[in-house]
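Chain residues, written in single-letter form:
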Amino acid sequence: MSLSFRWQTLLDELRTEGRYRDLAPAAGIDLCSNDYLGYSRQPHLESDVLSHSGAASRLLRGHDSLWEEVETELARWHSAEAALVMTSGYVANEGLLATVIDKNDWVASDRANHASIIDGLRLSKATRYIYLHNDLNCLERGLRAAHERRSAGQELFIVTESLFGMEGDTAPLREIVALAERYHAHVIVDEAHATGCFGAAGSGLVDHLGLRSRILATVHTGGKALAVPGAYVVCSRLLKEYLVNRCRHLIYTTALPPQVAAWWLETLARVQADNVARERLHANAQEFRAALSRVGVAPRGENYIVPIVLGDDARAVAAANRLQALGYDIRAIRPPTVPPGSARLRISIHADHAPEMLQAVAAAVADVSS
Ligand SMILES: Cc1ncc(COP(=O)(O)O)c(C=O)c1O
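Trainee: Before we move on, could you go through helix H12 (residues 313–325) and cite the residues and values that matter?
Mentor: Compared with the 18 Å implied by 1.5 Å per residue over 13 residues, the 18 Å span of H12 between its first and last C-alpha is a close match. Within H12 the residues assigned to the buried category are Asp313, Ala316, Ala319, Ala320 and Leu323. With its buried residues spanning 135° around the axis, H12 presents them on a single face. Contacts made by the buried residues of H12 are with helix H1 (3–17), strand E9 (305–311), strand E10 (328–329), strand E11 (331–333), strand E12 (343–348) and helix H13 (355–369). The distance from a side-chain oxygen at the start of H12 to the backbone nitrogen of Ala314 is 3.4 Å, and the residue carrying that oxygen is Asp312. Once H12 finishes, Gly327 follows within two positions and takes phi at roughly 100°, a positive value.

Structure below.
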């Protein structure tokens, strides 16, 4: 059997299952990207930074001093000891988890966690316990059993997203931290979808809830509300030092170019002051959810990520196609991104969406999903 035959067979299977994916260009009003604050549509200031790449790992010449400024500013924003920039959220999650969690350790992971968390945990080779989404009883059962059987030197971890990217709900972080303390476990939180959008200065849910000092590390991406390439980990000085020495995803990859660091500095100044965008974002989300409820549609979650579960893959794709034909860029999300039988429309509300447009989207969604 040739390699191309193997690939073709798999692609045909995906088509038959209604799970085939293609790279569709952006068209219509953006209701699917994670540009929650609308920053991607606004130009960056002129920067006099040379437009060359670091052309080396951050451990070599890729470590422009601007990145140090960015990390100092990030640590200040989060009132934390340290921050470490990496090339993407995927890389940061995979690298952090694979480096910090050893193969003899035990880790609980929410079933709805992102692929980059799943892959990082696989790389760590630790014993994995997948608990039902946001189910504290299920989490505690696993923790208690792991705590009772704990071997010498074994560490326990809990990994969760703060705002779930495909569910639109938030993790019960206070309760998770309390459980972790009861069973002497460490908590790592992926703040990808919350960064920029929660808290007085927008630094995310962990800070908003005052949990920073009780959490081992948080992961943030620039690729969503901040609309800049790259990502970062917030942690202690010691953990940063350990990552710089051990994290293969930092050591063995080319640094982002320095002009990206200049974008970060500009964006960080802006996002901390931009309460107007944050307020609009949350107000738009609430209005959109109210409009959906008036037309009889019950989405999941409670925030600006609005998943409407339709169940069947083909049904979700057909509904998304009809919305796109109306000029709304809304995409269907299918397994394996979400569990089988829970294919959905995922609508992403932004700060700069016009309220009248959102009312029209709600009516269109009711129409295509009935
Ligand atoms: C929860 C979550 N974590 C991590 C990532 C990865 O971030 P990035 O797009 O920067 O690789 C994403 C987005 O794709 C995500 O949704």
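Trainee: Talk me through the sheet that holds strand E3 (residues 106–110); I want residue IDs and the actual numbers.
Mentor: Strands sit in the order E2-E8-E7-E6-E5-E3-E4 across an open sheet of 7 strands; the sheet is mixed. Taken across any chain shown, the strands that pair with only one partner, and hence form the sheet edges, are strand E2 (82–86) and strand E4 (127–131). Strand-to-strand twist in this sheet, taken as the mean axis angle between neighbours without regard to direction, amounts to 20°. Docked against the sheet, helix H6 (residues 173–182) engages E4, strand E5 (156–161) and strand E6 (185–190), running at close to 155° with respect to E6.

Trainee: Can you lay out the pattern of salt bridges for me, pointing to particular residues and giving the numbers?
Mentor: Inspection of every chain in the model, using the stated rule, returns 15 salt bridges. The residue Asp119 makes a salt bridge to Arg122 at a minimum N-O spacing of 3.4 Å. With a gap of 3 residues between them, Asp119 and Arg122 both fall in helix H4 (residues 115–124), about one helical turn apart. The salt bridge partner of Arg300 is Glu167, with a shortest N-O separation of 2.9 Å. On the criterion of sequence distance, the pair formed by Arg300 in the loop between helix H11 (275–294) and E9 and Glu167 in the loop between E5 and H6 is long-range, its members being 133 residues apart.

Trainee: Quick rundown of the site of the ligand? Include the residues and the values.
Mentor: In the vicinity of the ligand, the contacting residues are Ser88, Gly89, Tyr90, Asn93, His114, Ser116, Glu161, Asp190, Ala192, His193, Thr221 and Lys224. A distance of 2.7 Å separates an oxygen atom of the ligand from a polar atom in the backbone of Gly89. One nitrogen or oxygen atom from the side chain of Asp190 is found 2.6 Å from a nitrogen atom belonging to the ligand. The fraction of the free accessible surface of the ligand (390 Å²) that becomes covered by protein chains is 80%. For the shell around the ligand, the element with the most residues is helix H3 (residues 89–100), which contributes 3 residues. Residues that form the shell around the ligand fall into these classes: 2 nonpolar, 7 polar and 3 charged.

Trainee: Hey, could you go over the pairing of E6 for me, with residue numbers and the actual values?
Mentor: Of all 6 residues making up E6, 5 are buried, and the element is well covered by its neighbours. Pairing geometry for E5 and E6, over 6 bridges, is parallel. Looking at E6, one finds that Phe157 is bridged to His186. Taken together, E5, H6 and E6 constitute a β-α-β crossover, and its handedness is right-handed. Summarising the sheet, E6 and strand E7 (residues 217–221) pair through 3 bridges and their orientation is parallel. Its bridge partner being in E7, Ile188 is matched across the sheet by Ala217.

Trainee: Would you mind going over the side chain of Thr195 in detail, with residue names and values included?
Mentor: Topologically, Thr195 is positioned in the loop between E6 and helix H7 (205–208). On the accessibility criterion, Thr195 (1% relative accessible area) is buried. A distance of 3.0 Å separates the side chain of Thr195 from the side chain of His220, its partner in a polar contact. Ignoring anything within four residues of it in the chain, the contact list for Thr195 reads Trp77, Gly202, His220, Ala225, Leu226 and Tyr232.

Trainee: Any chance you could break down the sheet that holds E9 for me, citing the residues and the numbers?
Mentor: Within the open sheet, the 3 strands sit side by side as E9-E12-E11. Their pairing is antiparallel. Each end of this open sheet is capped by a strand with a single partner; those strands are E9 and E11. Taking the axes of each pair of neighbouring strands and ignoring which way they run, one obtains an average angle of 35° across the sheet. Here E11 pairs with E12 via 3 bridges, running antiparallel.

Analysis parameters
Residues numbered from 1 in each chain as written. Predicted model: local features only at pLDDT ≥ 70, side-chain atom pairs only at ≥ 80, totals over all residues. Heavy atoms only, no water. Helix = DSSP H or I, 4+ residues; strand = E, 2+ residues; numbered from the N terminus. Expected span 1.5 Å × (residues − 1). Buried < 20%, exposed > 50% of the residue type's maximum accessible area, 1.4 Å probe, protein only. Arc of directions from axis to C-beta. Contact = heavy atoms within 4.5 Å. Polar contact = N/O pair within 3.5 Å; in protein donor to acceptor, adjacent residues only side chain to side chain. Pairing = 2+ DSSP bridges. Axes fitted to C-alpha atoms, helices over the stretch in contact; angles between N-to-C directions. Salt bridge = Lys/Arg side-chain N within 4 Å of Asp/Glu carboxyl O. Near = heavy atom within 4 Å. Areas by Shrake-Rupley, 256 points an atom, 1.4 Å probe, with all protein chains shown as cover. Nonpolar A, V, L, I, M, F, W, Y, C, P; charged D, E, K, R; others polar. Right-handed = clockwise from strand over helix to strand, strands pointing away.

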